[in-house]
Amino acid sequence: MLRVITAEAAYTTEELADILGLSIATIRKYNFHFAKIGVQFTKKHGRLAYTNDDVTIFHELKRIYAHPEMTLEKAVITVAKKFNLVQIPDTPPNISTEKQTLIIEPLEAQMKEIQSYIDAKI
């Protein structure tokens, strides 16, 4: 009986850069931004090993980031959401009322001081 074993491709950073037509430094920069939001790629023997799925992810990042109004941070988040790489909330979490009070009270005191200063000058 013939048995076919398929192994997932494992591309190095250099190979991924060649496939995408990007520099190695650009791939590393993209990796850095993915890591900032919690996306980690597979390592083999201490080196990054990109799968075919990873190649697709980086292709999509390259495509989205090419739009003039797109920042790298936004592009990475967009791709991460599209491929369900991490859970990223659409809106920031609610700040507790207690924390809001701690933030607002000093600002209100400063506003009163400024208003008093303005009133004294008028």
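Scroll up a little and you will see the structure.
Residues numbered from 1 in each chain as written. Predicted model: local features only at pLDDT ≥ 70, side-chain atom pairs only at ≥ 80, totals over all residues. Heavy atoms only, no water.

Caption draft 1: Structural view of the packing of helix H3 (residues 52-65) against helix H4 (residues 72-82). With their axes 9 Å apart at the nearest point, H3 and H4 run at an angle of 135° to one another. Relative to H4, the element H3 is oriented oblique. For the pair H3 and H4, the crossing hand works out as right-handed. Residues Ile57, Glu60, Leu61, Ile64 and Tyr65 of H3 pack against Leu72, Ala75, Val76, Thr78, Val79 and Lys82 of H4. Tallied by class, residues from the contact of H3 with H4 come to 8 nonpolar, 1 polar and 2 charged. (Axes fitted to C-alpha atoms, helices over the stretch in contact; angles between N-to-C directions. Helix = DSSP H or I, 4+ residues; strand = E, 2+ residues; numbered from the N terminus. Parallel < 35°, antiparallel > 145°, perpendicular 65-115°, else oblique. Left-handed = near helix turned anticlockwise from the far one by under 90°. Contact = heavy atoms within 4.5 Å. Nonpolar A, V, L, I, M, F, W, Y, C, P; charged D, E, K, R; others polar.)

Caption draft 2: Molecular detail of the nonpolar core. One finds Leu16, Ile27, Phe34, Phe58 and Leu61 to be the most contacted residues of the largest nonpolar core, which totals 20 residues. Looking at this core, the elements with two or more residues in it are helix H1 (13-20), helix H2 (24-36), H3 and H4. Leave out the neighbours within four places in its chain, and Leu61 touches Tyr30, Phe34, Leu72, Ala75, Val76 and Val79. (Core = buried A, V, L, I, M, F, W, Y, C linked by side-chain atoms within 4.5 Å. Buried < 20%, exposed > 50% of the residue type's maximum accessible area, 1.4 Å probe, protein only.)

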